[in-house]
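# Breakdown of the fold
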Amino acid sequence: MARRQFMLSEKEIPTHWYNIVPDMKEPPPPPIHPVTKEPIGPEALAPIFPMGLIEQEVSTERFIEIPEEVREIYRIWRPTPLYRATRFEKLLDTPARIYYKYEGTNPAGSHKPNTAVAQAYYNKKEGTKRIITETGAGQWGTALSMACKFFDMEAVVFMVRVSYDQKPYRKILMETFGGTVHPSPSPLTEFGKKMLAEDPDCPGSLGIAISEAIEVAVSKEENKYALGSVLNHVLLHQTVIGEEVRKQMEMAGEYPDIIIGCCGGGSNYAGFAFPFLRDKLTGERNHTRYIGVEPASCPSLTEGKYRYDHGDTAGMTPLLMMYTLGADFVPPSIHAGGLRYHGMAPLVSALVNQGYIEPLAIPQKEIFEAAVKFAHTEGIVPAPEPSHCIAAVIREAAKCRESGESKVILFNLCGHGLLDLSAYDAFLSGRME
Ligand SMILES: *Cc1c(COP(=O)(O)O)cnc(C)c1O
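Anyway, here's the lowdown on the structure attached to this text. (Residues numbered from 1 in each chain as written. Predicted model: local features only at pLDDT ≥ 70, side-chain atom pairs only at ≥ 80, totals over all residues. Heavy atoms only, no water.)

## Points about the overall build of the protein chain
Tallying secondary structure elements over the protein chain gives 16 helices and 15 strands in all. Per-residue burial for the protein chain yields a buried fraction of 63% across its 433 residues. Put simply, 76% of the contacts in the protein chain that link residues at least 6 apart link residues at least 24 apart. Accessible surface, the protein chain as shown: approximately 16300 Å² in total, 52% of it carbon and sulfur. (Helix = DSSP H or I, 4+ residues; strand = E, 2+ residues; numbered from the N terminus. Buried < 20%, exposed > 50% of the residue type's maximum accessible area, 1.4 Å probe, protein only. Contact = heavy atoms within 4.5 Å. Areas by Shrake-Rupley, 256 points an atom, 1.4 Å probe, with all protein chains shown as cover.)

In structure tokens form, the structure reads like this:
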């Protein structure tokens, strides 16, 4: 019988995050100032981020030590399990060997706390009293509320209005962790007021919520801003996932032929895949394929343009070189709330542009069909976001069945779907578009 679980002990929590930048042949073009169009220096970010994070944002060090205080909190849920999906393989009648890393075991239910805890730590160290942020579906706001509480700081969260209305449980979860939640656009900021004047029923978007959060963050010295994806330091913190998976795949005696993850802003994908991708960048392992999956209705990688664009709608952030659908793009209200961002992390974008990562867009129905198959065999109800991976796994497993190849497929199950049950309800009752 094939072994199913690959567990590490507390002692094996990685001691370092991995920074892919020094291994890239062409690092991504730098962020530029929205007005002068000159590359921006670290000091330009000082009003919104603590120096500890800014240093990581521009670092060219290959491995960065994880502070002991952060590892101490990681021990609440790390290391996370790696499983072989033997029952799912059987259902798919495939010779492929399918493995998944499960990041839904922590209190917030997704990979987001890996960076929330790190960001809260560096903020606390530099005297921040209050962190302001945005959240789409609520996973990031939940993770940051929890992390701020751990470090005795306040969390203020601007939540995209459609999610605020559709996902009341996420709001309650954030409030339970001590966070303050406002629907965005809100009347609390100049930009929010402007958006509401144009459209009182504006459903909101991540781009709008980011603008509001930054506006509040810069209004007081003791405030700072935090982002849950896209930026280099966020991707860096998530590499704790991939560093663990490397050890676990060694335990399994396997090396992945195909690595699949979902891409919203790019952080779970990067955190999962970059520690393997370094083998490709350094020429050690060339055969592995890297697939990044996104929703067909918010296809930044497959249909966006690779150009400089703002991270937010008001144009307050530096211009980032990335695949983008345009900062004013308001995506349709699909259920994978975490994948509704107009852009993509500059590091992931550059690696797609250089041909290391293959982007793939999949429509919503296929996602939920895949998710239900997975739940039936593995017993986990996956979040809609990583269900994008599961749909891609099914496609690859079918190819293996046709060719008879026993490929090793590895994917990141980056969160559970227990607070997405209304989406499952819509799917199961045939009300999903
Ligand atoms: C936030 C989130 C995403 C999307 O963000 P990335 O930065 O692309 O990882 C995907 N899945 C889940 C479960 C999330 O919480």
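Okay, back to it.
## Focus on helix H15 (residues 384-403)
Compared with the 28 Å implied by 1.5 Å per residue over 20 residues, the 29 Å span of H15 between its first and last C-alpha is a close match. The buried count for H15 comes to 15 of 20 residues, which makes it a mostly enclosed element. Among the residues trailing H15, Gly-404 stands out with phi positive, at a value near 80°. (Expected span 1.5 Å × (residues − 1).)

## Examining the packing of aromatic side chains
Applying the stated criterion across every chain yields a total of 15 aromatic pairs. With a centroid separation of 5.0 Å and 75° between ring planes, the pair formed by Tyr-121 and Tyr-122 is classed as edge-to-face. The exposure classification of Tyr-121 matches that of Tyr-122, with both residues buried. Grouping aromatic residues by their ring pairs yields a cluster made of Tyr-83, Phe-88, Tyr-100, Phe-374 and Phe-411. (Phe/Tyr/Trp six-rings, centres within 6.5 Å; stacked < 30°, edge-to-face > 60°.)

## Points about the environment of Ile-357
Structurally, Ile-357 can be placed in the loop between helix H13 (346-353) and strand E14 (358-362). For the pair Ile-357 and Phe-158, spaced 199 residues apart in sequence, the C-alpha separation works out to 32 Å.

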